[in-house]
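Working through the structure, step by step
Below, each chain spelled out in residue letters.
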Amino acid sequence: MAGMNRLPAPFGTWIDRTEKISFTFEGKEIEGFAGDTIASALLANGQTMISRSFKYHRPRSVLTMAGQDSNTLVQVGDEPNCLADKRRIEPGLAVEGQNYVGSFEDDKGRFTELVERFLPVGFYYRTFHEQKKSWKAWEPIIRRMAGLGKADLKADFHHSYYDKQYLFADVAVIGGGPAGMAAALGAAEGGAEVILVDEGAEPGGSLWYARFNFDGTHGSLTRAELAAAINGRRNIRVLSNAVCTGLFADNWLPVIKDNRLYKLRAKSVVVATGSIEQPSVFRNNDLPGVMFASAAQRLIRLYGVKPGSRAVILAANDDAYGAALEMLDAGIPVAAMVDLRADVPNTEMTQAVRRAGVEIIAGHAIQEAIAGPGKTRITGAVAAPVAGDGKLGNGGRNLACDLILMSVGYSPAAHLLHHAGTKFAYDTSSHMYRPDSVPAHVFAAGSVNQAYALDAVLADGRRAGWLAARDAGYSSGAEPPAPADLGCDGVTHPWPIFPHDKGMDFVDFDEDLKYKDLINGIADGFDNVELLKRYSTVGMGPSQGKHSAVAAVRIVARETGESLNRMSVTTQRPPYTPEKFAHMAGRVFEPERRTAMHHRHLELGAQMMPAGVWWRPAYYGQKSARDQAIRDEVNAVRSNVGLIDVSTLGGLDVRGPDAAELLNRMYTFAYAKQQIGRCRYVLMTDNAGVITDDGVAVRFHDEHFYVTATTSGVDAVYRQMLWWNAQWRLDVDVANVTAAYAGVNIAGPKSREVLKRVCEGVDLSAQAFPYMGAATAEVAGIPARIMRVGFVGELGYEIHVPASQGEALWDALMAAGGQEGISPFGVEAQRVLRLEKGHIIVSQDTDGLTSVWEADMAWAVAKTKPFFVGGRSAEIQAKKPLTRKLVGFTLANDGDPCPEECHLVLQGEEIVGRVTSAVRSPSLNKVVGLAYVHPSDGEPGKQFEIKVDGGRRITGVVTKYPFYDPDNKRQEM
Amino acid sequence: MASLTNLDPATLKRRSFIYRKLAAAGAEFAEVNGGAVAMRYPERRESEALTARRMALADLSVLPHGGFKGRGTVEWLTSQGVQIGTDSNKAHVQAGGELAARLAPTEIFLLDSLQGTGRLIGKLNNAWQWAPSAPRPQQGYPTPRQDSHAWFMVSGEKSAEMFAKICGIDLRPRHCPIGTIAQTSAAKMNAIIIRADLGSTLAFHLLADIASAEYLWTCVEDAIAEYDGGIVGLAALRSLQA
C-alpha cells in the first residue's frame, strides 16, 4: 500500500497504484506511488515532520498541500527550497530537510525558541541602528542562520536545459478550476483561441477534492462535464502543471511549466485564480497536524492519504462541514466541530454532520493546540468559548486529536489582478476584499471575484469568458447575466485571531511572527501596513504573505482604529510563486560571427580571440609559446610574406550622385576630387569633434565609394550616415556590406610575387598599381576588390571577395605562397606591425575626448570644406591650447620594462597622460609606443615619466614616428 | 544544371558557411550556382519528405539570391518584368517560381526557386549597369545578398511552434498568410522570415547574417529536436512542391 496511512481506492485519483516509487528522506527509504508528491508520500509513511521553521526551528508539516505555503520546503539533491507538496516523487530522489543544526530530528537550533524574548520584532533595526559595531559579532551568526536550503558552490556545476517559448491567444484564462473551465468554454464558444493555464495535473481545481453537496458527487460530475466540453473544443489549449507568475503590461503573461518559461501574449485575460484559505491564529497553530481543511481533502481525495487518525475541525463556514464528511468517509473520526459562530446555520452539510453524530461546539474557538513530544505532532486541542473579537472566555475543553483542520475563511488569490492595477474594496458583508475596478482587457471570475456558491462560480466564469472573447473581437449569442447571489457571505470569519498569553500564536509562518510581534511593531510606531511589513518582515517570506497579509491588515486596522474600507493588503508584486534564475536565463542565445576562413584558422592552430561578437585569430601556435609565435609572425611579414584575415573590418557601399558629398560631410578629409581607382584615408569625428572611427574610402566609380570602417565601429558609422542623411536628404544610398565581403591582407616584400600567380586582369607593378591604388579584378577566378593600403607598413594588398568565396581565396593564396613559406598572421602580430609604423587604433589610442589636434592628425583635416560633422567643434578646439598630446615614444633606457596600456604619464605627482600602446618591437629590437603627454613635453627628444607596475618610474623619450621605415619606402615599393 | 556526384564542397569556390556540419551529418552534395548544396542524406532511415512534412531544416545558402535597393528599385525591377505588389513585408512569386520579397518601399530581396537555375537573378544582375554619365536614371543599386545572408528553409506542420522558441512573431498559419515577411529577431539576431509553403506543407525561408550561419543553424537544429525534426536535403523540399 506504500504507507501505513494509505487509503484504498477510489481515494487517490491522482496516484497510480500499479507503479511504486522509492526515494529517501533524510537517508530513510520511503515508498510511494507514481503521482505522489514528496509530502503525500511522507505522510502516507508516517513521516509527519517535513521541515523546520526559519527562526525558531519549530517542526513544520503540510499546511495547504497546494504549494502556497513554505512549511514543507525540502532540499532535493543539490536543489534547495523545493515545494514538497507540489514536487512529484521520482525513483532515487534524495530528499533532505532544511534549516537544522546537527540532525533533522534533534535540531540544536530549536533552542532559539528559549531566547525568543531577546529576539523581538525589529531586531535588526534595534540592534544595528545604534550599535553598528555589533555587526562584526553578529554577522557570522546571522549568516549561518540565514536561508533555508543549501547551494553547494563547490559542486560539479552543470547546466540543465531550460528554455522559453512564445504563445499567443485571443483569451488567456488563468486558473483551471470551475470558474476557469467555464470561462474557457464561454470564450471558445465565440470562436476565440483560448489558452487555459492551470497549476494542477488536470483542470478541475477544487472540483477534484472539495465537497459541494452532502454526498460529495456534485464536484466530480461537474468536473467531468466541463472536461469533456473542453476536450471537444479545438480552440482551447490546456497548459497543465503550469503557473502564471505575473500579469504585465499589454497582457504579457509569464507561465512556467517544467523547464520552460512561456511568454504568453493575450488580447484579453480572465483571472480565475480562486482564493487562498486563511488560517486562524492560536497558540501552536503552526505545528504538524494543524492544516487547512482543503489540505486534508486534497490528501484524501487526490493522494489517498489519511491526514491523521482523529480530527477536530475549526469551523466558520459550510466548507468545514464538507471536510468533516470527507473525514468520516475516509474512516477518520471527528472528535468535534469547534464553530466560531454562536449560531450555526442549518444547511444540508451541517445537518449531515449532525446526523453522523459529530458534536458541534458552537461559539467556540481553538485556544491552543497541544504539542506532543518534540512538538513533532499535536496530541490535542483546547476549545474555549468566544467572548468577543479575539477574546476567549474560561471553561476550555481538551479534545484529544492529532489533526486540527482550519476552515475559517478565504482571501482572493488576486495577485495577478493586483499586478494589472486592479483596485480592491473591502466588503463588510463578506469580510473579504473584492475587485472594485479592473483594468481594460482583464476580467475576474470565480472566488477571486467573490463567487463561492458553485452555480454562481460557473455562471460568473462563463460570463467572464464571454466578455473576454467579445473584448478580443469575438462574440456569439447574448451576454450571459451576472449571477444574482455570489454565495460569498458567511464564508469568511472577520476575526479568527485569538492571541495567547504564552505566545507561539503565529500570524506569519514563514517568518515565525507571532501576534505580539505585530502589536509591538505597531506600538514602535510602524502603524501603516507597508511600514509594518518592512519592520516586522510580515509577508516577506517565501509565501509572500499568502496567509498573513489579510491578518496583518486586520490587526493594523484594529490597533490604529483605521477602517478596513480605507486599507489594502501590501502591494503584490510578481512573481506569484518562486521562479528559478534558470527560467529567467534559459535558453541563452549568444550570437557570434565567424569569418569564411574560421575553420582554416583552427586547422592552422590559431588561438582565437573575441572582437565584439566576431572571432578572430590572435596568433597561430601553442599558448605556451605565445610571445615567440607573435614575434615569428611579425618577422615573416617584415621579411617574407604573411596573410591575415581582415573580413571583420567594416564595409559600406556608398552609391549615388551625392556619394562624394556624403563622405565630405561625414569625414574630415576631402573626397569630391578623389580619383577613381584610388584610396583615401577616412577619419570620422562626432559633433563634439571627438575621433570616433577611421578607415579607407575606395572610389570605384564617380558615384560609388567602398568605405571601410573598424570592426566594432561600422554599425555605428552606418547608423550615423543614415541618421544624418535623414536630415540632409542627399541622393545617396548606403549599404552595410561588412558580412558580404571576406577580406585578407597579403603583406610583405614577397606579397606581389605571390599575388601575381593568382591574379588576372590587373598589372600589379608599382607603376601600374601604386600605393593607395585600387582595382577590381579576379583573384584565383574570384571577383575581387583589391586595394594597396599600408596598415602594417609593408608592400601589401587588401583583397575583398564575396564572403562565400572567402575560404577559396584563402586556400588559393596559401597555395600560391607555398614556395615562399607564406605565413598566416593574426591580430596580435598586426597590432605590433601597425605600432611599429605609428598607426593609431581608434578607441585604443583615442578615447572619448580625443580631438584631431590631440592626436596630431591635422593632416587629415581638409582646410577648405564648408562643413563636416565635428568641423565646427574642431575649429573651436584649434583655438584653444592643448591639454595633452599623443606622441610616439621610445625608452631612455631600453633595459627598462616595456610599459603597458594605461600606465600613467606623470609630471611630478600630477597625472598628465597615459600610455595607449607599447611593445618591444621585434623589428627594431627596442620598445616603441604611443602615449598622451603634457603638451610641454610633446616635442621629439623630450623626456617624460611613466609609472609602471610596482610604482616604479621609467623615462620615455618622445620620438617621431613611423618608428619603422620612416620614409615609407617598404610599403610604397 | 546540378550534377549528382558526392562532391567535396571545398573543391568549389562558393561554399556554404556550414558545409562542414552538413558533411558531418552525411549529406550528399550536388553542384548548384558554383557551390555545393546538400541534396539528400542517404543514410537517413526515415524518408526525408516525411521529415520535411513534420519538422525539418535545410540549408539553401549556395542557391542564387540577390537584391536591389535605393530610389527607383521597384520601378526598374517592374520594368524588367518582376511582379511586385504595393505593400512592404509581402513576397511575390514570379513566373519561374522565384520570390521577390519587398522589405521596404525601395528594397527588394530576391530568392531563386528551388530549382536553383538563377535565371531571373542572373538576368537582372546583368541588366543592371551604370548609365554612362550623369544625370543617371534612378534604378536602385544591386545588393550583395548572395553573400550577406545565409539562407535556410524550415518546413513542416510544427514550424510555427518551433519558431516560437526563438522568435516573438506569431507565425501560425492563421495569422501569417503565405507571402508574409517578418523582419524580426530570431535567436537574438536579425532575421528575415518569409512564409513560402511547399505544396500543402507549411514552410518558411529564414535569412540572416551569413557570419552567424553556424550559430543560427545550431540554434534551429536544437529547436527542431523537440518536434522530432531533422535536417533534409534540397531534393526533399523539391518533392513537396511537386
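Overview of the structure.

Thresholds applied
- Residues numbered from 1 in each chain as written.
- Chains lettered and ligands numbered in written order.
- Predicted model: local features only at pLDDT ≥ 70, side-chain atom pairs only at ≥ 80, totals over all residues.
- Heavy atoms only, no water.
- Helix = DSSP H or I, 4+ residues; strand = E, 2+ residues; numbered from the N terminus.
- Rg over C-alpha atoms; globule rule 2.2 N^0.38 Å.
- Buried < 20%, exposed > 50% of the residue type's maximum accessible area, 1.4 Å probe, protein only.
- Contact = heavy atoms within 4.5 Å.
- Areas by Shrake-Rupley, 256 points an atom, 1.4 Å probe, with all protein chains shown as cover.
- Pairing = 2+ DSSP bridges.
- Axes fitted to C-alpha atoms, helices over the stretch in contact; angles between N-to-C directions.
- Arc of directions from axis to C-beta.
- Polar contact = N/O pair within 3.5 Å; in protein donor to acceptor, adjacent residues only side chain to side chain.
- Core = buried A, V, L, I, M, F, W, Y, C linked by side-chain atoms within 4.5 Å.
- Parallel < 35°, antiparallel > 145°, perpendicular 65-115°, else oblique.
- Left-handed = near helix turned anticlockwise from the far one by under 90°.
- Nonpolar A, V, L, I, M, F, W, Y, C, P; charged D, E, K, R; others polar.

A word on the overall build of chain B. When its secondary structure is counted, chain B shows eight helices and 13 strands. Relative to its length of 242 residues, chain B is compact, with a C-alpha radius of gyration of 18 Å against a globular reference of 18 Å. With the C-alpha coordinates aligned to their principal axes, the bounding extent of chain B is approximately 60 × 40 × 35 Å. Across the 242 residues that make up chain B, the buried fraction comes to 61%. Contacts in chain B between residues far apart in sequence, at least 24 positions, make up 65% of those at least 6 positions apart. Total accessible area on chain B is roughly 9,500 Å²; 50% of this is exposed by carbon and sulfur atoms.

Now for the pairing of strand β1 (residues 16-25) of chain A. All names here are of chain A. Summarising the sheet, β1 and strand β2 (residues 28-34) pair through seven bridges and their orientation is antiparallel. Its bridge partner being in β2, Ile 21 is matched across the sheet by Gly 32. Hairpin geometry of β1 and β2 is characterised by an intervening segment of two residues between the two adjacent antiparallel strands and by a positive phi of about 50° at Glu 26. Relative to strand β7 (residues 94-96), β1 runs parallel, the two sharing two bridges.

All names here are of chain A. The strand order around the closed barrel formed by six strands is β44-β47-β46-β45-β48-β49, and the pairing between neighbours is antiparallel. Ignoring strand direction, the axes of neighbouring strands in this sheet form an average angle of 45°. Looking at chain direction, strand β46 (residues 910-921) and strand β47 (residues 926-933) are connected through six bridges and run antiparallel. When the sheet's bridge partners are listed, Val 919 is paired in β47 with Val 928. Here helix α21 (residues 827-836) sits on the sheet in contact with β46 and β47, set at roughly 115° to β46.

Residue and element names in this part refer to chain A. Taken together, the buried positions of helix α8 (residues 348-355) are Met 349, Thr 350, Ala 352 and Val 353. Buried residues in α8, looked at end-on, bunch into an arc of 160°, giving them a common side. Residues of α8 that are buried in the fold lie against α7 (318-329), β17 (334-339) and β18 (360-361). Just beyond α8, the residue with positive phi is Gly 357, at close to 85°.

Note that His 704 of chain A resides in strand β36 (residues 704-709). The buried category is assigned to His 704 of chain A, whose relative accessible area is 9%. With 50 residues separating them along the chain, His 704 of chain A and Val 654 of chain A place their C-alpha atoms 5.8 Å apart. Residues in contact with His 704 of chain A, not counting those within four places in the same chain, are Asp 653, Val 654, Arg 655, Val 698, Arg 699 and Arg 785 of chain A together with Trp 130 of chain B. Side-chain polar atoms of His 704 of chain A contact the side chain of Asp 653 of chain A, separated by 2.9 Å.

All names here are of chain A. Among the nonpolar cores identified, the biggest contains 89 residues, and Ile 38 and Met 337 are the most heavily contacted of them. In terms of residues, this core owes the most to one element, helix α6 (residues 293-303), which gives seven residues. Each residue touching Met 337, except ones within four places of it in the same chain, is listed here: Ile 313, Ala 315, Ala 320, Tyr 321, Ala 324, Val 353, Val 358, Glu 359, Ile 360 and Ile 361.

Residues and elements named next belong to chain B. Relative to the helices and strands, Ser 155 resides in strand β9 (residues 149-155). Within the structure, the side chain of Ser 155 is placed 2.7 Å from the backbone oxygen of Ala 52, a separation counted as a polar contact. Once residues lying within four places of it in the same chain are set aside, the contact partners of Ser 155 are Ala 52, Arg 54, Met 55, Ala 56, Leu 198, Thr 201, Leu 202, Ala 203 and Leu 237.

All names here are of chain A. Packing of α7 against α8 leaves a shortest axis separation of 8 Å and a crossing angle of 40°. In terms of their interaxial angle, α7 and α8 are classed as oblique. Considering only the axes of α7 and α8, their crossing is left-handed. In contact with Asp 318, Tyr 321, Gly 322, Ala 324 and Leu 325 of α7, α8 contributes Met 349, Thr 350, Ala 352 and Val 353. Grouping the constituent residues of the contact of α7 with α8 by class yields six nonpolar, two polar and one charged.

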